[in-house]
Amino acid sequence: MSGNLPTVREAVLYESLNGGRVRCGLCERRCLIPPDEKGVCQTRQNRAGRLYTLVYGDISALESRPIEIKPFFHFYPGSSALTFSTWSCNFTCPWCQNWHLSKSAPEPKKAKYIPPEQMVALAREEGDQGLCVSFQEPTLLFEYTLEVFKLGKAHGLYGCYVSNGYLTLDALRMLEKAGMTAINMDIKGDEELYRVYLKGAKEGIVWRNARAAKEVGIHVEMIHLLVTGLNDQRNKIERLIQKHLDHLGPDTPIHFTRYFSAYEYHRPPTTIEIMEFAYETARDAGIYYPYLGNVPGHRYENTYCPSCGTLLVERTGYQIRGEWFKDKRCPGCGRTLEITG
Ligand code: SF4
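Just so it is clear, the model here is predicted, and its values are computed rather than measured. (Residues numbered from 1 in each chain as written. Predicted model: local features only at pLDDT ≥ 70, side-chain atom pairs only at ≥ 80, totals over all residues. Heavy atoms only, no water.)

## Some words on the side chain of Thr53
Part 1 of the reasoning: On the secondary structure map, Thr53 appears in strand β6 (residues 50-53).
Part 2 of the reasoning: The exposure class assigned to Thr53 is buried, which follows from its relative accessible area of 1%.
Part 3 of the reasoning: A polar contact is formed between the side chain of Thr53 and the side chain of Arg44, at a distance of 3.5 Å.
Part 4 of the reasoning: With near-sequence residues (within four places) excluded, Thr53 lies in contact with Thr7, Val8, Arg9, Ala11, Thr43, Arg44, Leu140 and Glu143. (Helix = DSSP H or I, 4+ residues; strand = E, 2+ residues; numbered from the N terminus. Buried < 20%, exposed > 50% of the residue type's maximum accessible area, 1.4 Å probe, protein only. Polar contact = N/O pair within 3.5 Å; in protein donor to acceptor, adjacent residues only side chain to side chain. Contact = heavy atoms within 4.5 Å.)

Shown next, in the form of structure tokens:
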């Protein structure tokens, strides 16, 4: 702890350099931070040559939510996870759909601190099967998450992240050891989009991390927000689908979600025609489980057997309306379905 504020603690991943500077090792921005300054995300500060997180257990939102909302459609379907977040972000998306949390810098003196033990106790009281860090970038709650996931694992709770996927491999490995069993990674678009809108971030890091997560047995689902005029061109969608296949294979689900005007980017919502194009292109290219999100009642929210097309799960707006399979097998053709838990 620092200055008796419970949410200010020494960071885990950083190195001290000469001149009192530090290099953060939590996300691939790898900020070089001079004394008294903060990193790009505003949640890490150099205090006398040591790096501190300012958001340990500073909880901005907390709610039990169905796992389908994240969205995870192939991970403990029908379960609920106690979902929580902190403040700020390491990305700068002008179209952010959760800007009220991600664009607010932390204020440690006003923090609402929830100790890790209390978070796990709350999940158990609520009858949740897991813990999920979401709403804004979960990587920024790294040190806290390590503790919460470890405690949760001891009580049989799964741990998951809904992330922009920009964490370092060191961070990913430590989370996996602590009990992170699933991650939903948001791929924003191509290299140019990352460079122009996300302060020079790199698309390749996200694909690398998604693949690395999968290789160590973490359940991975991808999400792609189709933003009008930015990444909703047909050739860009086709390219992204090919990248998905190259890095993650056909069995990793992909969720195309519909953009609505938010924060500093104001355009009409993604057209249904483009949403359907993305779904059908992914399906025809061989991805087993493409989905549409933010289009409640659309047939492409459902799960169909990739072999015979039988309807397996019917959904409306992330609510499961009906399930027609048992023991992870398609009733139509007997195919084993890719479902974790
Ligand atoms: S978490 Fe990322 S953005 Fe924040 S200080 Fe560390 S390297 Fe920089």
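Now, onward.
## Concerning the nonpolar core
Part 1 of the reasoning: Counting residues in hydrophobic clusters, the biggest one holds 77 residues, and the most contacted among them are Phe84, Trp95, Met119, Leu131, Tyr144, Met222 and Phe256.
Part 2 of the reasoning: Looking at this core, you find at least three residues from each of domain 1 (9-53) and domain 2 (61-300).
Part 3 of the reasoning: In this structure, Met222 is in contact with Asn184, Met185, Ile187, Trp207, Ala210, His244, Leu248, Thr252, Pro253, Ile254 and His255, ignoring residues within four places of it in sequence.
Part 4 of the reasoning: Of all hydrophobic cores here, the second largest spans 11 residues; its members include Phe73, Cys305, Leu312 and Cys330. (Core = buried A, V, L, I, M, F, W, Y, C linked by side-chain atoms within 4.5 Å. Domains from an automatic or database assignment.)

## Digging into the packing of aromatic side chains
Part 1 of the reasoning: Counted according to the given criterion, the structure contains 17 aromatic pairs.
Part 2 of the reasoning: Aromatic pair Tyr56 and Tyr144: ring centres 5.3 Å apart, planes at 85°, arrangement edge-to-face. Here Tyr56, found in the loop between β6 and β7 (61-66), pairs with Tyr144, found in helix α3 (residues 142-154); they are 88 residues apart in sequence, far enough to count as distant.
Part 3 of the reasoning: For the pair Phe72 and Phe75, a centre-to-centre distance of 5.6 Å together with 50° between the ring planes defines the contact as tilted. Of the two residues, Phe72 and Phe75, both sit in the buried class.
Part 4 of the reasoning: In textbook terms, an aromatic cluster arises when at least three aromatic residues are bridged by ring pairs, as seen for Phe72, Phe75, Tyr76 and Tyr158. (Phe/Tyr/Trp six-rings, centres within 6.5 Å; stacked < 30°, edge-to-face > 60°.)

## Considering the domain arrangement of the chain
Part 1 of the reasoning: Along its sequence, the chain is carved into domain 1 (9-53) and domain 2 (61-300).
Part 2 of the reasoning: For the pair domain 1 and domain 2, the summed buried area comes to about 1600 Å², and 60% of that belongs to carbon and sulfur atoms.
Part 3 of the reasoning: Of all residues in domain 1, Leu26, Glu28 and Arg29 bury the most surface against domain 2, accounting for 38% of the area lost on that side.
Part 4 of the reasoning: Here domain 1 is connected to domain 2 by 2 salt bridges.
Part 5 of the reasoning: One salt bridge connects Arg44 with Glu143, and the closest N-O pair in it is separated by 2.9 Å.
Part 6 of the reasoning: Applying the counting rule to domain 1 against domain 2 returns 12 residue pairs in polar contact (both at pLDDT 80 or more).
Part 7 of the reasoning: Partitioned by chemical class, the residues of the side of domain 1 that touches domain 2 number 7 nonpolar, 4 polar and 6 charged. (Buried area = accessible area lost by both parts, 1.4 Å probe. Salt bridge = Lys/Arg side-chain N within 4 Å of Asp/Glu carboxyl O. Nonpolar A, V, L, I, M, F, W, Y, C, P; charged D, E, K, R; others polar.)

## Digging into helix α8 (residues 272-285)
Part 1 of the reasoning: In this model, α8 (14 residues) spans 20 Å end to end at C-alpha, consistent with the 20 Å of a helix rising 1.5 Å per residue.
Part 2 of the reasoning: Along α8, the positions that sit buried rather than exposed are Ile274, Met275, Phe277, Ala278, Tyr279, Thr281 and Ala282.
Part 3 of the reasoning: On its buried face, α8 sits against β12 (219-226), α7 (234-248), β13 (254-258), β14 (290-293) and β15 (303-304).
Part 4 of the reasoning: Positioned one or two residues after α8, Gly286 has a phi angle of 115°, which is positive. (Expected span 1.5 Å × (residues − 1).)

## Notes on the sheet that holds strand β17 (residues 319-323)
Part 1 of the reasoning: Taking strand neighbours across the sheet as the criterion, the 3 strands line up as β15-β16-β17 in an open arrangement whose pairing is antiparallel. Edge positions in the open sheet fall to β15 and β17, since each of these has one partner strand only.
Part 2 of the reasoning: Across 2 bridges, β15 lies against strand β16 (residues 311-316) in antiparallel orientation. Of the residues in β16, the one forming a bridge with Thr303 is Val313. (Pairing = 2+ DSSP bridges.)

## Describing the pairing of strand β11 (residues 180-186)
Part 1 of the reasoning: The buried fraction of β11 amounts to 6 of the 7 residues, a majority that puts the element mostly inside the structure.
Part 2 of the reasoning: Note that strand β10 (residues 158-163) and β11 share 5 bridges and pair parallel. The residue of β11 that forms the bridge with Ser163 is Met185.
Part 3 of the reasoning: Considered for its hand, the β-α-β crossover made up of β10, helix α4 (residues 169-178) and β11 is right-handed. (Right-handed = clockwise from strand over helix to strand, strands pointing away.)

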